[in-house]
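In case you want the letters, here they are:
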Amino acid sequence: MSWELIRDILITTVPLLVIFPSLFAFTTWIERKALARIQNRIGPNKTGVPCTRISLFGLGQPAADGIKMLFKEDIVPKGADRLFHLLAPIVALIPAMLVLCFLPLEFPWAKFVQAPVQAFLLDGAVIFFFAITGLNTLAVFMAGWASRNKYSLLGGMRAIAQMVSYEIPLVLSAVIVVMLVGSLNAADIAAAQKGYQWHLFTPWGLAAFVIFFIAALAETNRSPFDLPEAESELIAGYFTEYSGFKFALFFLGEYIAMFAISGLAVTLFLGAGEGPGVAAVPALSVAWFIAKIFALIGIMIWLRGTLPRLRVDQLMAFAWKFLLPLSILNILIAGFAWHVAKSGAGTGLKAVVWIASLITLYAVARGLNRISRPEAAPREYKYAE
Amino acid sequence: MSLLGGGIVKGMAVTLRNFVGSYFNKERLVTNDYAWRPKEDAELPQSAGQYPKEEGEQLSDTTTVTNYSRNFPMLLHDGKEGDTPMDTVRCVACQICERECPPQCIYIEKMYDENGKYIKSPAKFDIDVSVCMSCQICVEVCPFDAIVMNSQFELSTPDRFGGLLLRRDDLLKSNDYYHQIHPGEAAARDQRMADEKAAKEAKKKAAAEAAKKKAAEKAKAEAEAKAKEAEAAQAEGAEEKSEPEGGDSKEATE
């Protein structure tokens, strides 16, 4: 390895390793504040600059939490598999960190890079992204299994069932974009949406985005799909037996995975770093990219404050009976629309395809919704009443 | 026919309304302001505000903690603040609270003088507040009104084991302090104690009177008995006296 290559690798990776963990800290603060406000509370507002009385709206809270986590006692249950108990949080964090490289974040210092080390220029970036995020399931089950705790194991098993089920609609909705662009290269996908030709603005793209977002919520164990860590049922799910720094690593991994999957959604559907002023100041592209990620995370937090948790059967029915058929139909529609557009049809025909596909998607979604709902038979109470 | 996903949008509108509303309508923040409190209860603070207001201020030193706050037990003494509290401590180390305490966080040792005589006072009275569950059962069972609930909550300590073990001298608080933190309850308790004392005294007085009466009656009865005896004796004497007469008469009749 030459010195230049090492320098280029450092230039491309170190900013990611600095920016996203700091954004993680900020996100926990946003989440706590937003959830508090949704519940008519104030949220953290005391912790600020240490040794002073400056509180800065409680912005010191993430730092205080981090210090607390670092100094907490690390407890491993008696009879736990110590090696895998230690490995699980690391396996959870590393893939999440790794996939950040596949986001087409065009940092202004990227022009100093000579060797092609940027992962998003890889010809299989999207496939790599899904391949590596799939490792997260392994980490979750590893944690559940190694803890020697029934709650952890139940959480881990739920997580596997959920993640395997939702991986399919997630990938199938990403397939639409790959089909339309004709490339798995994240930079190409971003370039194909230049000029506000975002995939979100087409009926099939919108449907794919909604499916992708729902599946992403399930993949990152966010509410309302937080069954693997359901506090009211499983204490903390697969990380019940984790404390201190290992717990912090799980927490960090979860949020980094949120950033990564939101980043992929931004790349695929929301035009990557495109926004007003990017043409004049190219550095704004990164700012727009991160702002879009934060918009998606804001919606995730908002949904967390709104929706109750799904039941396991509802979760499975929703993935297999609703999202999966809809995403397959969406692929068909997107392929049809692509062929119509490629055959050089006029604006009139394009508009007809547009409206027809919108109506078809909505009608099928409605129908699927009616069919796929778990039977709500009148409940018979044996002991109550 | 409702829109697909309309329920979610509706729910999100509700949470958005709460989110935005909490910035504008202070009455929504029920955990911060006390808008929910009845206005006629004027002695309650209507707003907690920022805490602590001044550097080093402790809420539990003041009456800003609500009247309804109950945290951990304390021992009462009848002296003034700054007196040697052990002279007027109400606790007699009867150990009823120790036995009743569900998590068994109270430890009491009786006090003995140099002759080994029990002098109705606790030599040791420890409460481990890391174990205490604030159930107030000790307060309920105490027959001497010696143990009541304190509202002090700032008990954090760097010492994990010793720091949360409150000793007798940490627990001793004056009745005036009790009046300050829980005025209503303290007044009611004092009233009840006074009533009980009065009733006891009245009973004692009645008992004393009864005893006096009884004594008097006994004395009277004794006196009467004496008098009777005396009478009887007199009568006997008379009879004895009269006997010879009778004998005489008998003899006379014979």
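So, how was this worked out
- Residues numbered from 1 in each chain as written.
- Chains lettered and ligands numbered in written order.
- Predicted model: local features only at pLDDT ≥ 70, side-chain atom pairs only at ≥ 80, totals over all residues.
- Heavy atoms only, no water.
- Helix = DSSP H or I, 4+ residues; strand = E, 2+ residues; numbered from the N terminus.
- Buried < 20%, exposed > 50% of the residue type's maximum accessible area, 1.4 Å probe, protein only.
- Contact = heavy atoms within 4.5 Å.
- Areas by Shrake-Rupley, 256 points an atom, 1.4 Å probe, with all protein chains shown as cover.
- Expected span 1.5 Å × (residues − 1).
- Pairing = 2+ DSSP bridges.
- Salt bridge = Lys/Arg side-chain N within 4 Å of Asp/Glu carboxyl O.
- Phe/Tyr/Trp six-rings, centres within 6.5 Å; stacked < 30°, edge-to-face > 60°.
- Lys NZ or Arg CZ within 6 Å of the ring centre and 35° of its normal.
- Axes fitted to C-alpha atoms, helices over the stretch in contact; angles between N-to-C directions.
- Disulfide = S-S within 2.5 Å.
- pLDDT = per-residue confidence, 0-100.

This next bit is on the overall build of chain A. On a plain count of helices and strands, chain A comes out with 13 helices and zero strands. Ordered by position from N to C terminus, the α and β elements of chain A give α-α-α-α-α-α-α-α-α-α-α-α-α. Classification of the 385 residues of chain A by burial places 51% in the buried group. By sequence separation, contacts in chain A at least 24 residues apart represent 77% of the contacts at least 6 residues apart.

Let us look at the overall build of chain B. Helix and strand counts for chain B stand at six helices and six strands. The secondary structure elements of chain B, listed N-terminal to C-terminal, are α-β-α-β-β-α-β-β-α-β-α-α. Out of the 254 residues in chain B, the part that is buried amounts to 26%. Within chain B, contacts between residues at least 6 apart in sequence are counted, and of these 65% link residues at least 24 apart. As displayed, chain B offers around 17200 Å² of accessible surface, 54% of which is attributable to carbon and sulfur atoms.

For the rest of this paragraph, the subject is helix H8 (residues 203–219) of chain A. In an α-helix, one turn spans 3.6 residues; hence positions three or four apart end up facing the same way. Between the first and last C-alpha of H8 of chain A there are 24 Å, a value that for 17 residues agrees with the 24 Å anticipated at 1.5 Å per step. Of all 17 residues that make up H8 of chain A, 15 are buried, and the element is covered over most of its length.

All names here are of chain B. The buried fraction of strand E1 (residues 72–77) amounts to six of the six residues, a majority that puts the element mostly inside the structure. Here four bridges tie E1 to strand E4 (residues 147–150), and the two strands are oriented antiparallel to one another. Across the sheet, the residue bridging to Pro73 is Met149, located in E4. When E1 meets strand E6 (residues 172–174), the two strands line up parallel, connected through three bridges. Residue pairing for E6: Leu76 is matched across the bridge by Lys173.

Glancing now at the sheet that holds strand E5 (residues 165–166) of chain B. Residue and element names in this part refer to chain B. Spatial strand order, E2-E3-E5: three strands in an open sheet with antiparallel pairing. Only two strands of the sheet have a single neighbouring strand rather than two, namely strand E2 (106–112) and E5. Both E2 and strand E3 (residues 118–128) contribute to a ladder of six bridges, which runs antiparallel. When the bridges of E3 are listed, Ile108 appears paired with Phe125.

Pairing of side chains with opposite charge becomes possible as their charged atoms draw close. Residues and elements named next belong to chain B. This model, assessed by the stated rule, comprises 14 salt bridges over all chains. Here Arg167 and Asp126 are joined by a salt bridge, their closest N and O atoms 2.9 Å apart. Of this pair, Arg167 sits in the loop between E5 and helix H4 (168–171) while Asp126 sits in strand E3; the two residues are 41 residues apart in sequence, bridging distant segments of the chain. Since its relative accessible area comes to 41%, Arg167 is described here as partly exposed. Owing to a relative accessible area of 7%, Asp126 belongs among the buried residues under this scheme. In this structure, Arg192 and Asp145 form a salt bridge, with 2.7 Å as the shortest nitrogen-oxygen distance.

The next thing to look at is the packing of aromatic side chains. The way to describe two aromatic rings as a pair is by their centre distance and the angle between their planes. Under the definition given, this model contains 25 aromatic pairs over all chains. Relative to Phe130 of chain A, the ring of Phe129 of chain A has its centre 5.9 Å away and its plane inclined at 80 degrees; by these criteria the two rings are edge-to-face. Given a relative accessible area of 0%, Phe129 of chain A falls into the buried group. Consider the rings of Tyr238 of chain A and Phe239 of chain A, whose centres lie 5.1 Å apart with planes at 80 degrees: the pair is edge-to-face. Over the ring of Tyr177 of chain B we find Lys173 of chain B, and its NZ or CZ is 5.9 Å from the ring centre.

What follows deals with unusual backbone geometry. Looking along the chain, the bond that leaves Ser223 of chain A and enters Pro224 of chain A is cis, with omega of 5 degrees. Within the secondary structure, Pro224 of chain A is located in the loop between H8 and helix H9 (231–234). Unusually for a residue other than glycine, Asn221 of chain A sits at a positive phi of about 60 degrees. Residue Asn221 of chain A is classed as buried on the basis of its relative accessible area, which comes to 4%. Positive phi, close to 70 degrees, is recorded for Gln95 of chain B, a residue that is not glycine. Assignment of secondary structure puts Gln95 of chain B in the loop between E1 and helix H2 (96–100). When its relative accessible area of 18% is taken as the criterion, Gln95 of chain B is described as buried.

Residues and elements named next belong to chain B. The three strands lie next to each other as E4-E1-E6, forming an open sheet whose pairing is mixed. Looking along the sheet, the strands with just one partner apiece sit at the ends: E4 and E6. Within the sheet, the average angular offset between the axes of one strand and its neighbour, ignoring direction, is 55 degrees.

Attention now moves to the state of the cysteines. Residues and elements named next belong to chain B. Within the structure shown, the criterion is met by zero disulfides over all chains. For Cys135, which is in no disulfide, the shortest distance to another cysteine sulfur is to Cys101 and amounts to 6.1 Å. For Cys135, a relative accessible area of 32% corresponds to the partly exposed category. Cys142 takes part in no disulfide bond, and the closest cysteine sulfur, belonging to Cys94, lies 6.1 Å away. Judged by its relative accessible area of 16%, Cys142 falls in the buried class.

A few words now on the confidence of the model for chain A. Summary statistics for chain A give a mean pLDDT of 85 and a share of 97% for residues scoring 70 or more. By mean pLDDT, H9 of chain A is the weakest element of chain A at 76, and H8 of chain A is the strongest at 91.

Moving on, we get to helix H10 (residues 244–269) of chain A. All names here are of chain A. Here H10 is 26 residues long and its end C-alpha atoms lie 38 Å apart, about the 38 Å a rise of 1.5 Å per residue gives. Most of H10 sits inside the fold, with 23 of its 26 residues counted as buried. Count one or two residues on from H10 and you reach Gly271, which has phi positive near 70 degrees.

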